[in-house]
Amino acid sequence: MKLSTKLAAGAGLALFAALPAWAQDAAPAATVDKGDTAWMMTSTILVLMMILPGLALFYGGLARTKNMLSVMTQIGAVAALAMLVWVMWGYTMAFGPDYTSGLSNVISNFDKLFLKGVTPASQAATFTAGVEIPEYVFISFQMTFAAITIALVLGSVVERIKFSAVMVFALVWLTIVYFPIAHMVWAASGLFFKMGALDFAGGTVVHINAGVSALVLALLLGKRLGYPTERMAPHSLTLTMVGTGLLWVGWFGFNAGSALEANGSAALAMINTFVATASAGLFWMLAERFSGHKGSALGFCSGIIAGLVAVTPAAGNSGPFGAIVLGAIASIVCFVFVTVVKPKLGYDDSLDAFGIHGIGGMVGAIGTAVVYAPSLGGPGAADYDMGAKLLVQIEAVVTTIVWAGVGTAIAYFVAKAVTGGRVAPQVEVEGLDLGEHGERAYNY
(Lines give C-alpha, C1' and ligand atoms only; values in the text may rest on other atoms or scores of the structure.)
Protein backbone atom coordinates (compact mmCIF):
# COMPACT_ATOMS: atom_id res chain seq x y z
CA MET A 1 0.00 0.00 0.00
CA LYS A 2 1.36 3.44 -0.82
CA LEU A 3 2.30 5.58 2.13
CA SER A 4 -0.11 8.37 1.30
CA THR A 5 -2.98 5.87 1.09
CA LYS A 6 -1.92 4.10 4.26
CA LEU A 7 -1.71 7.33 6.23
CA ALA A 8 -5.01 8.66 4.95
CA ALA A 9 -6.67 5.45 6.06
CA GLY A 10 -5.08 5.70 9.48
CA ALA A 11 -5.88 9.35 10.09
CA GLY A 12 -8.92 8.57 12.20
CA LEU A 13 -6.73 6.55 14.55
CA ALA A 14 -3.93 9.02 15.26
CA LEU A 15 -3.78 12.18 13.19
CA PHE A 16 -0.06 12.58 13.44
CA ALA A 17 1.53 9.66 11.68
CA ALA A 18 2.53 11.16 8.33
CA LEU A 19 5.68 9.55 7.00
CA PRO A 20 7.81 10.69 4.08
CA ALA A 21 6.35 9.83 0.69
CA TRP A 22 9.45 8.82 -1.27
CA ALA A 23 9.47 9.68 -4.93
CA GLN A 24 9.14 6.07 -6.08
CA ASP A 25 6.07 5.51 -3.86
CA ALA A 26 4.24 8.81 -4.38
CA ALA A 27 1.05 8.79 -6.40
CA PRO A 28 1.57 10.45 -9.79
CA ALA A 29 -1.04 13.11 -8.98
CA ALA A 30 0.46 14.06 -5.62
CA THR A 31 1.28 17.74 -5.40
CA VAL A 32 2.57 20.07 -2.70
CA ASP A 33 -0.33 22.14 -1.41
CA LYS A 34 0.89 25.68 -0.80
CA GLY A 35 -1.88 26.52 1.65
CA ASP A 36 -1.24 23.46 3.80
CA THR A 37 2.49 24.07 3.56
CA ALA A 38 2.10 27.67 4.72
CA TRP A 39 -0.08 26.55 7.64
CA MET A 40 2.42 23.90 8.70
CA MET A 41 5.32 26.34 8.53
CA THR A 42 3.31 28.74 10.70
CA SER A 43 2.42 25.95 13.14
CA THR A 44 6.08 25.00 13.44
CA ILE A 45 7.04 28.55 14.39
CA LEU A 46 4.16 28.65 16.90
CA VAL A 47 5.51 25.55 18.64
CA LEU A 48 8.96 27.15 18.79
CA MET A 49 7.32 30.15 20.46
CA MET A 50 5.97 27.76 23.10
CA ILE A 51 9.54 26.94 24.08
CA LEU A 52 11.27 30.29 23.65
CA PRO A 53 10.00 32.50 25.10
CA GLY A 54 6.83 30.72 26.35
CA LEU A 55 8.03 27.86 28.52
CA ALA A 56 11.20 29.73 29.49
CA LEU A 57 9.13 32.58 30.95
CA PHE A 58 6.52 30.26 32.49
CA TYR A 59 9.09 28.11 34.28
CA GLY A 60 11.47 31.00 34.93
CA GLY A 61 8.82 33.07 36.68
CA LEU A 62 7.99 30.13 38.95
CA ALA A 63 11.61 29.77 40.08
CA ARG A 64 13.36 31.92 42.66
CA THR A 65 15.14 35.10 41.57
CA LYS A 66 18.60 33.57 41.95
CA ASN A 67 17.76 30.79 39.48
CA MET A 68 15.79 32.65 36.80
CA LEU A 69 18.49 32.72 34.13
CA SER A 70 19.59 29.14 34.78
CA VAL A 71 16.05 27.90 34.14
CA MET A 72 15.74 29.85 30.91
CA THR A 73 19.22 28.82 29.77
CA GLN A 74 18.59 25.14 30.44
CA ILE A 75 15.35 25.25 28.45
CA GLY A 76 16.91 27.06 25.51
CA ALA A 77 19.99 24.85 25.44
CA VAL A 78 18.19 21.50 25.55
CA ALA A 79 15.77 22.68 22.87
CA ALA A 80 18.70 23.62 20.64
CA LEU A 81 20.39 20.28 21.36
CA ALA A 82 17.17 18.41 20.53
CA MET A 83 16.99 20.15 17.17
CA LEU A 84 20.49 19.05 16.24
CA VAL A 85 19.99 15.49 17.48
CA TRP A 86 16.67 15.30 15.64
CA VAL A 87 18.19 16.00 12.22
CA MET A 88 21.19 13.76 12.90
CA TRP A 89 19.46 10.58 14.09
CA GLY A 90 16.14 11.33 15.77
CA TYR A 91 14.05 11.76 12.63
CA THR A 92 15.20 8.52 11.09
CA MET A 93 14.57 6.61 14.35
CA ALA A 94 11.03 7.94 14.66
CA PHE A 95 9.85 8.34 11.07
CA GLY A 96 12.41 6.76 8.78
CA PRO A 97 11.84 3.70 6.56
CA ASP A 98 10.63 0.59 8.38
CA TYR A 99 12.65 -2.40 9.41
CA THR A 100 11.52 -5.62 7.79
CA SER A 101 11.44 -7.28 11.23
CA GLY A 102 9.23 -6.72 14.25
CA LEU A 103 11.65 -4.00 15.35
CA SER A 104 9.59 -1.63 13.20
CA ASN A 105 7.00 -1.65 16.01
CA VAL A 106 9.46 0.26 18.18
CA ILE A 107 11.78 2.29 15.92
CA SER A 108 12.48 2.94 12.25
CA ASN A 109 15.82 2.13 10.68
CA PHE A 110 18.76 4.47 10.17
CA ASP A 111 18.58 4.89 6.40
CA LYS A 112 17.77 8.60 6.82
CA LEU A 113 20.67 9.28 9.18
CA PHE A 114 21.71 12.95 8.91
CA LEU A 115 18.66 13.42 6.64
CA LYS A 116 20.26 11.36 3.91
CA GLY A 117 18.31 11.62 0.69
CA VAL A 118 16.09 14.48 1.80
CA THR A 119 15.95 17.38 -0.66
CA PRO A 120 13.72 20.42 -1.24
CA ALA A 121 11.81 18.22 -3.69
CA SER A 122 11.10 15.50 -1.09
CA GLN A 123 7.49 15.30 0.01
CA ALA A 124 5.63 14.01 3.06
CA ALA A 125 2.07 12.72 2.93
CA THR A 126 -0.78 14.45 4.69
CA PHE A 127 -4.07 12.75 5.52
CA THR A 128 -5.64 13.52 2.14
CA ALA A 129 -4.59 11.29 -0.73
CA GLY A 130 -2.60 13.22 -3.31
CA VAL A 131 -1.98 16.24 -1.07
CA GLU A 132 1.50 16.56 0.38
CA ILE A 133 3.85 19.03 2.05
CA PRO A 134 7.63 19.41 1.71
CA GLU A 135 9.43 16.84 3.82
CA TYR A 136 11.62 19.54 5.34
CA VAL A 137 8.49 21.16 6.77
CA PHE A 138 7.32 17.88 8.31
CA ILE A 139 10.81 17.29 9.75
CA SER A 140 10.86 20.78 11.25
CA PHE A 141 7.38 20.44 12.76
CA GLN A 142 8.23 17.15 14.44
CA MET A 143 11.56 18.57 15.56
CA THR A 144 9.84 21.22 17.68
CA PHE A 145 7.86 18.51 19.50
CA ALA A 146 11.05 16.71 20.50
CA ALA A 147 12.52 20.04 21.64
CA ILE A 148 9.64 21.04 23.90
CA THR A 149 9.24 17.58 25.42
CA ILE A 150 12.75 17.44 26.84
CA ALA A 151 12.40 21.05 28.01
CA LEU A 152 9.23 20.14 29.94
CA VAL A 153 11.09 17.42 31.86
CA LEU A 154 13.38 20.01 33.45
CA GLY A 155 10.53 21.61 35.38
CA SER A 156 10.89 19.04 38.15
CA VAL A 157 14.60 19.53 38.81
CA VAL A 158 15.39 23.21 38.30
CA GLU A 159 17.37 25.04 40.98
CA ARG A 160 19.60 22.05 41.76
CA ILE A 161 20.80 20.24 38.62
CA LYS A 162 24.06 21.02 36.84
CA PHE A 163 23.87 22.51 33.37
CA SER A 164 26.31 19.87 32.10
CA ALA A 165 24.12 17.13 33.58
CA VAL A 166 21.09 18.59 31.82
CA MET A 167 22.83 18.38 28.46
CA VAL A 168 24.12 14.83 28.89
CA PHE A 169 20.76 13.67 30.23
CA ALA A 170 18.93 15.26 27.30
CA LEU A 171 21.17 13.56 24.75
CA VAL A 172 20.60 10.10 26.19
CA TRP A 173 16.91 10.60 27.06
CA LEU A 174 15.91 11.77 23.61
CA THR A 175 17.61 8.78 22.03
CA ILE A 176 16.28 5.99 24.24
CA VAL A 177 12.96 7.44 25.41
CA TYR A 178 11.46 10.09 23.15
CA PHE A 179 12.30 8.77 19.68
CA PRO A 180 11.01 5.21 20.28
CA ILE A 181 7.78 6.38 21.94
CA ALA A 182 7.16 8.88 19.13
CA HIS A 183 7.54 6.04 16.65
CA MET A 184 5.32 3.63 18.57
CA VAL A 185 2.43 6.08 18.81
CA TRP A 186 2.67 8.22 15.66
CA ALA A 187 4.38 6.20 12.93
CA ALA A 188 2.19 4.01 10.75
CA SER A 189 4.29 0.95 11.63
CA GLY A 190 4.40 1.79 15.34
CA LEU A 191 3.01 -0.60 17.93
CA PHE A 192 0.26 1.63 19.29
CA PHE A 193 -0.60 3.29 16.01
CA LYS A 194 -1.37 -0.15 14.60
CA MET A 195 -3.45 -0.93 17.69
CA GLY A 196 -5.50 2.20 17.07
CA ALA A 197 -4.27 4.43 19.91
CA LEU A 198 -5.70 7.95 19.80
CA ASP A 199 -3.12 10.69 20.34
CA PHE A 200 -3.83 13.67 18.14
CA ALA A 201 -0.92 15.86 19.24
CA GLY A 202 1.04 14.22 22.05
CA GLY A 203 -0.81 13.16 25.20
CA THR A 204 1.40 10.11 25.56
CA VAL A 205 4.41 11.09 23.45
CA VAL A 206 4.86 14.54 24.94
CA HIS A 207 3.04 14.99 28.24
CA ILE A 208 2.94 11.58 29.94
CA ASN A 209 6.43 10.95 28.64
CA ALA A 210 7.76 14.24 30.00
CA GLY A 211 5.73 14.16 33.23
CA VAL A 212 6.71 10.66 34.30
CA SER A 213 10.33 11.31 33.35
CA ALA A 214 10.22 14.51 35.41
CA LEU A 215 9.02 12.63 38.49
CA VAL A 216 11.63 9.90 38.18
CA LEU A 217 14.39 12.46 37.63
CA ALA A 218 13.28 14.50 40.66
CA LEU A 219 13.26 11.40 42.88
CA LEU A 220 16.73 10.36 41.72
CA LEU A 221 18.23 13.82 42.06
CA GLY A 222 16.74 14.50 45.50
CA LYS A 223 14.99 17.49 47.05
CA ARG A 224 16.17 21.07 46.96
CA LEU A 225 17.99 22.27 50.07
CA GLY A 226 15.40 23.55 52.52
CA TYR A 227 12.44 21.84 50.86
CA PRO A 228 9.68 21.84 52.10
CA THR A 229 10.29 24.02 55.17
CA GLU A 230 11.94 26.98 53.42
CA ARG A 231 9.72 29.38 51.48
CA MET A 232 10.24 28.85 47.75
CA ALA A 233 7.53 31.02 46.21
CA PRO A 234 7.60 32.04 42.52
CA HIS A 235 9.65 35.18 42.07
CA SER A 236 7.51 36.67 39.27
CA LEU A 237 3.97 35.55 38.58
CA THR A 238 3.85 38.38 36.05
CA LEU A 239 6.39 36.58 33.88
CA THR A 240 4.62 33.28 34.50
CA MET A 241 1.37 34.81 33.26
CA VAL A 242 3.11 36.12 30.13
CA GLY A 243 4.59 32.67 29.56
CA THR A 244 1.16 31.10 30.02
CA GLY A 245 -0.30 33.33 27.33
CA LEU A 246 2.51 32.51 24.92
CA LEU A 247 2.06 28.81 25.59
CA TRP A 248 -1.68 29.00 24.93
CA VAL A 249 -1.19 30.87 21.65
CA GLY A 250 1.61 28.55 20.57
CA TRP A 251 -0.47 25.50 21.44
CA PHE A 252 -2.69 26.18 18.43
CA GLY A 253 0.28 25.27 16.27
CA PHE A 254 0.86 22.27 18.50
CA ASN A 255 -2.74 20.99 18.28
CA ALA A 256 -4.29 22.38 15.12
CA GLY A 257 -1.01 21.90 13.27
CA SER A 258 -1.17 18.19 14.03
CA ALA A 259 -3.89 17.84 11.39
CA LEU A 260 -1.05 18.45 8.88
CA GLU A 261 -3.53 20.38 6.74
CA ALA A 262 -5.52 23.61 6.99
CA ASN A 263 -8.91 21.89 7.05
CA GLY A 264 -11.89 20.97 9.21
CA SER A 265 -9.84 18.69 11.45
CA ALA A 266 -7.51 21.61 12.23
CA ALA A 267 -10.56 23.78 12.90
CA LEU A 268 -11.95 21.22 15.37
CA ALA A 269 -8.59 21.07 17.13
CA MET A 270 -8.55 24.86 17.23
CA ILE A 271 -11.91 25.34 18.93
CA ASN A 272 -11.20 22.51 21.37
CA THR A 273 -7.91 24.17 22.30
CA PHE A 274 -9.89 27.31 23.11
CA VAL A 275 -12.72 25.84 25.17
CA ALA A 276 -10.99 22.99 27.04
CA THR A 277 -8.33 25.44 28.19
CA ALA A 278 -10.82 28.10 29.24
CA SER A 279 -12.77 25.50 31.21
CA ALA A 280 -9.67 24.21 32.98
CA GLY A 281 -8.41 27.67 33.95
CA LEU A 282 -11.70 28.55 35.61
CA PHE A 283 -12.21 25.18 37.28
CA TRP A 284 -8.78 25.33 38.93
CA MET A 285 -9.78 28.64 40.50
CA LEU A 286 -13.11 27.13 41.58
CA ALA A 287 -11.22 24.24 43.16
CA GLU A 288 -9.11 26.75 45.07
CA ARG A 289 -12.25 28.51 46.27
CA PHE A 290 -13.96 25.31 47.38
CA SER A 291 -10.82 24.26 49.25
CA GLY A 292 -10.96 27.45 51.30
CA HIS A 293 -8.51 29.64 49.38
CA LYS A 294 -8.82 32.62 47.10
CA GLY A 295 -8.80 32.08 43.36
CA SER A 296 -5.21 32.92 42.38
CA ALA A 297 -3.26 33.99 39.32
CA LEU A 298 -0.99 31.00 39.85
CA GLY A 299 -4.05 28.76 39.98
CA PHE A 300 -5.40 30.24 36.76
CA CYS A 301 -2.07 29.70 35.00
CA SER A 302 -1.82 26.14 36.33
CA GLY A 303 -5.36 25.39 35.17
CA ILE A 304 -4.65 26.78 31.71
CA ILE A 305 -1.68 24.45 31.30
CA ALA A 306 -3.63 21.48 32.69
CA GLY A 307 -6.38 22.09 30.14
CA LEU A 308 -3.93 22.41 27.28
CA VAL A 309 -2.23 19.18 28.32
CA ALA A 310 -5.49 17.24 28.63
CA VAL A 311 -6.93 18.38 25.31
CA THR A 312 -3.74 17.63 23.39
CA PRO A 313 -4.57 13.97 22.62
CA ALA A 314 -8.25 14.82 22.18
CA ALA A 315 -7.89 17.99 20.11
CA GLY A 316 -9.18 16.45 16.88
CA ASN A 317 -10.80 13.48 18.61
CA SER A 318 -13.55 15.25 20.57
CA GLY A 319 -16.48 17.55 20.13
CA PRO A 320 -16.24 21.00 21.77
CA PHE A 321 -18.46 20.12 24.73
CA GLY A 322 -16.57 16.90 25.37
CA ALA A 323 -13.41 19.01 25.40
CA ILE A 324 -14.93 21.38 27.96
CA VAL A 325 -15.72 18.50 30.31
CA LEU A 326 -12.32 16.91 29.76
CA GLY A 327 -10.56 20.20 30.59
CA ALA A 328 -12.59 20.65 33.77
CA ILE A 329 -11.94 17.11 35.01
CA ALA A 330 -8.24 17.27 34.25
CA SER A 331 -7.93 20.60 36.04
CA ILE A 332 -9.55 19.27 39.22
CA VAL A 333 -7.50 16.07 39.20
CA CYS A 334 -4.25 17.98 38.64
CA PHE A 335 -5.20 20.41 41.42
CA VAL A 336 -5.60 17.52 43.84
CA PHE A 337 -2.25 16.02 42.87
CA VAL A 338 -0.41 19.33 43.17
CA THR A 339 -1.99 20.52 46.43
CA VAL A 340 -2.79 17.29 48.28
CA VAL A 341 -0.93 14.25 46.93
CA LYS A 342 2.44 15.91 46.39
CA PRO A 343 2.70 17.36 49.93
CA LYS A 344 1.62 14.05 51.46
CA LEU A 345 4.16 12.03 49.49
CA GLY A 346 6.87 14.64 50.00
CA TYR A 347 8.58 14.50 46.61
CA ASP A 348 10.09 17.72 45.24
CA ASP A 349 8.69 18.27 41.75
CA SER A 350 9.87 21.88 41.65
CA LEU A 351 7.43 23.32 39.12
CA ASP A 352 4.83 20.49 39.10
CA ALA A 353 5.87 18.98 35.79
CA PHE A 354 4.50 15.61 36.89
CA GLY A 355 1.44 16.94 38.66
CA ILE A 356 0.27 18.86 35.59
CA HIS A 357 1.87 17.28 32.52
CA GLY A 358 2.07 13.71 33.74
CA ILE A 359 -1.31 13.51 35.47
CA GLY A 360 -3.04 15.81 32.98
CA GLY A 361 -1.65 13.75 30.13
CA MET A 362 -3.00 10.54 31.66
CA VAL A 363 -6.45 12.05 32.18
CA GLY A 364 -6.43 13.37 28.63
CA ALA A 365 -5.17 10.17 26.99
CA ILE A 366 -7.67 7.91 28.76
CA GLY A 367 -10.46 10.47 28.52
CA THR A 368 -9.97 10.73 24.76
CA ALA A 369 -11.43 7.26 24.41
CA VAL A 370 -14.61 8.59 26.04
CA VAL A 371 -15.02 11.92 24.26
CA TYR A 372 -14.30 10.26 20.90
CA ALA A 373 -17.72 8.59 21.08
CA PRO A 374 -20.25 10.04 18.60
CA SER A 375 -22.93 9.90 21.28
CA LEU A 376 -20.90 12.52 23.17
CA GLY A 377 -20.26 14.68 20.12
CA GLY A 378 -16.99 13.04 19.10
CA PRO A 379 -15.93 12.10 15.55
CA GLY A 380 -16.04 8.34 16.14
CA ALA A 381 -17.96 5.99 13.82
CA ALA A 382 -21.52 4.97 14.61
CA ASP A 383 -20.32 1.51 15.73
CA TYR A 384 -17.58 2.94 17.97
CA ASP A 385 -16.57 0.52 20.75
CA MET A 386 -15.60 2.67 23.74
CA GLY A 387 -14.55 -0.24 25.93
CA ALA A 388 -12.09 -1.59 23.39
CA LYS A 389 -10.63 1.86 22.78
CA LEU A 390 -10.27 2.50 26.51
CA LEU A 391 -8.21 -0.67 26.79
CA VAL A 392 -5.93 0.43 23.97
CA GLN A 393 -5.48 3.88 25.51
CA ILE A 394 -4.66 2.40 28.92
CA GLU A 395 -2.13 0.04 27.35
CA ALA A 396 -0.44 2.96 25.59
CA VAL A 397 -0.40 4.98 28.82
CA VAL A 398 1.06 2.14 30.90
CA THR A 399 3.71 1.35 28.30
CA THR A 400 4.72 5.01 28.13
CA ILE A 401 4.97 5.19 31.93
CA VAL A 402 7.20 2.14 32.15
CA TRP A 403 9.35 3.04 29.15
CA ALA A 404 9.83 6.62 30.31
CA GLY A 405 10.59 5.57 33.87
CA VAL A 406 13.24 3.03 32.97
CA GLY A 407 14.76 5.17 30.23
CA THR A 408 14.95 8.21 32.51
CA ALA A 409 16.78 6.24 35.18
CA ILE A 410 19.33 5.07 32.62
CA ALA A 411 19.79 8.59 31.23
CA TYR A 412 20.19 10.06 34.72
CA PHE A 413 22.83 7.58 35.84
CA VAL A 414 24.80 8.19 32.65
CA ALA A 415 24.61 11.95 33.26
CA LYS A 416 25.56 11.53 36.90
CA ALA A 417 28.56 9.36 36.03
CA VAL A 418 29.81 11.95 33.54
CA THR A 419 29.00 15.21 35.36
CA GLY A 420 28.11 14.45 38.97
CA GLY A 421 24.48 15.37 38.40
CA ARG A 422 23.78 17.89 41.13
CA VAL A 423 25.39 21.24 41.90
CA ALA A 424 27.43 21.67 45.06
CA PRO A 425 25.48 22.84 48.15
CA GLN A 426 27.14 26.26 48.12
CA VAL A 427 26.14 26.77 44.49
CA GLU A 428 22.57 25.82 45.29
CA VAL A 429 22.46 28.31 48.15
CA GLU A 430 24.05 31.09 46.10
CA GLY A 431 21.87 30.34 43.07
CA LEU A 432 22.56 28.66 39.76
CA ASP A 433 22.55 31.93 37.85
CA LEU A 434 25.90 32.89 39.37
CA GLY A 435 27.18 29.42 40.22
CA GLU A 436 26.56 27.85 36.81
CA HIS A 437 26.50 30.78 34.42
CA GLY A 438 28.27 33.69 36.12
CA GLU A 439 25.48 36.20 35.70
CA ARG A 440 22.32 37.51 37.36
CA ALA A 441 18.81 37.90 36.02
CA TYR A 442 18.41 41.16 37.91
CA ASN A 443 21.12 43.68 38.77
CA TYR A 444 19.89 46.20 41.32
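Remember, predicted model here, so these are calculated numbers, not experimental data. (Residues numbered from 1 in each chain as written. Predicted model: local features only at pLDDT ≥ 70, side-chain atom pairs only at ≥ 80, totals over all residues. Heavy atoms only, no water.)

Trainee: Any chance you could explain the overall build of the protein chain here in plain terms?
Mentor: Looking only at helices and strands, one finds 15 helices and 4 strands in the protein chain. Relative to the 2.2 N^0.38 estimate, which gives 22 Å for 444 residues, the radius of gyration of the protein chain is 21 Å and therefore close to what a compact globule would have. On the principal axes, the C-alpha backbone points of the protein chain span a range of 65 × 45 × 35 Å. Counting the 444 residues in the protein chain, one finds 59% classified as buried. The contacts of the protein chain with a sequence gap of at least 6 include a subset with a gap of at least 24, amounting to 79%. (Helix = DSSP H or I, 4+ residues; strand = E, 2+ residues; numbered from the N terminus. Rg over C-alpha atoms; globule rule 2.2 N^0.38 Å. Buried < 20%, exposed > 50% of the residue type's maximum accessible area, 1.4 Å probe, protein only. Contact = heavy atoms within 4.5 Å.)

Trainee: Would you explain a nonpolar patch on the surface in this entry?
Mentor: The grouping of Ile366, Ile394, Val398, Val402, Val406, Ile410, Val414 and Val418 at the surface amounts to a nonpolar patch, some 630 Å² of accessible area in total. With respect to the helices and strands, Ile366 occurs in helix α12 (residues 353–371). Ile366 gets classed as partly exposed once you look at its relative accessible area, which sits at 31%. (Patch = residues over 30% accessible without salt bridge, like charges linked within 9 Å, V, L, I, M, F, W, Y side chains within 5 Å. Areas by Shrake-Rupley, 256 points an atom, 1.4 Å probe, with all protein chains shown as cover. Salt bridge = Lys/Arg side-chain N within 4 Å of Asp/Glu carboxyl O.)

Trainee: What should I look at first to understand the layout of surface pockets in this one?
Mentor: Vacant regions in the atomic arrangement are exposed by a probe of water-molecule size rolled over the atoms. Empty space within the largest pocket amounts to approximately 720 Å³. Every element with two or more residues in the lining of the largest pocket is listed here: α2 (34–62), α9 (264–290), α10 (297–311) and α11 (320–345). The greatest single-element share of the lining of the largest pocket, amounting to 5 residues, is contributed by α11. Residue composition of the lining of the largest pocket, by class: 15 nonpolar, 7 polar and 8 charged. (1 Å grid on protein atoms, 1.4 Å probe; cavity = no way out; pocket = protein on both sides within 12 Å on 5 of 7 lines; lining within 4 Å. Points joined across faces, edges and corners; volume = space filled by probe spheres on them. Nonpolar A, V, L, I, M, F, W, Y, C, P; charged D, E, K, R; others polar.)

Trainee: Quick question: what am I supposed to make of the packing of aromatic side chains here?
Mentor: Aromatic ring pairs are described here by two measures, namely the spacing of the ring centres and the angle between the planes. This model, assessed by the stated rule, comprises 18 aromatic pairs. Arranged with centres 5.5 Å apart and planes meeting at 75 degrees, the rings of Phe95 and Phe138 form a pair that is edge-to-face. With a gap of 43 residues between them, Phe95 in helix α3 (residues 68–95) and Phe138 in helix α4 (residues 135–153) connect regions that are remote in the sequence. Owing to a relative accessible area of 0%, Phe95 belongs among the buried residues under this scheme. Through pairs of rings, three or more aromatic residues link up here, namely Trp86, Tyr91, Phe95, Phe138, Trp173, Tyr178 and Phe179. (Phe/Tyr/Trp six-rings, centres within 6.5 Å; stacked < 30°, edge-to-face > 60°.)

Trainee: What should I look at first to understand the pairing of strand β4 (residues 131–134) in this one?
Mentor: Side chains on a regular strand alternate between the two faces of the sheet. Here strand β2 (residues 31–32) runs beside β4; their pairing, made up of 2 bridges, is parallel. Looking across to β4, one finds that Thr31 is bridged to Val131. Of the pairings in the sheet, the one linking strand β3 (residues 123–125) to β4 comprises 3 bridges and is antiparallel in character. What sits directly across from Ala124, in β4, is Ile133. Hairpin connection, β3 to β4: the antiparallel pair is bridged by 5 residues, and Gly130 has positive phi, about 90 degrees. (Pairing = 2+ DSSP bridges.)

Trainee: So what exactly am I meant to see when it comes to the packing of α11 against α12 here?
Mentor: Any two packed helices are characterised by how steeply their axes cross, that is the angle between the axes, and by the distance between the axes. Between α11 and α12, the least distance of the axes is 9 Å, while the angle of their chain directions is 145 degrees. As α11 runs across α12, the sense of the crossing is right-handed. Together, Gly322, Leu326, Ile329, Ala330, Val333, Cys334, Phe337 and Val338 of α11 and Phe354, Gly355, Ile356, Ile359, Gly360, Val363, Gly364, Gly367 and Val371 of α12 make up the contact between the two elements. In terms of residue class, the contact of α11 with α12 is made up of 12 nonpolar, 5 polar and no charged. (Axes fitted to C-alpha atoms, helices over the stretch in contact; angles between N-to-C directions. Left-handed = near helix turned anticlockwise from the far one by under 90°.)

Trainee: Would you mind showing me how to read empty space enclosed by the protein here?
Mentor: For the structure shown, the criterion picks out 2 cavities of 30 Å³ or more. Looking at the largest cavity, its volume works out to about 70 Å³. Around the largest cavity, the lining residues are Met50, Leu55, Phe58, Tyr59, Ile148, Leu152, His207, Leu247, Trp251, Phe254, Ile305 and His357. Listing elements by their share of the lining of the largest cavity, those giving two or more residues are α2, α4 and α8 (237–256). No other element matches the 4 residues that α2 contributes to the lining of the largest cavity. Each residue belonging to the lining of the largest cavity can be placed in one class, and the counts come to 10 nonpolar, 2 polar and no charged. Roughly 30 Å³ of volume is contained in the second largest cavity.

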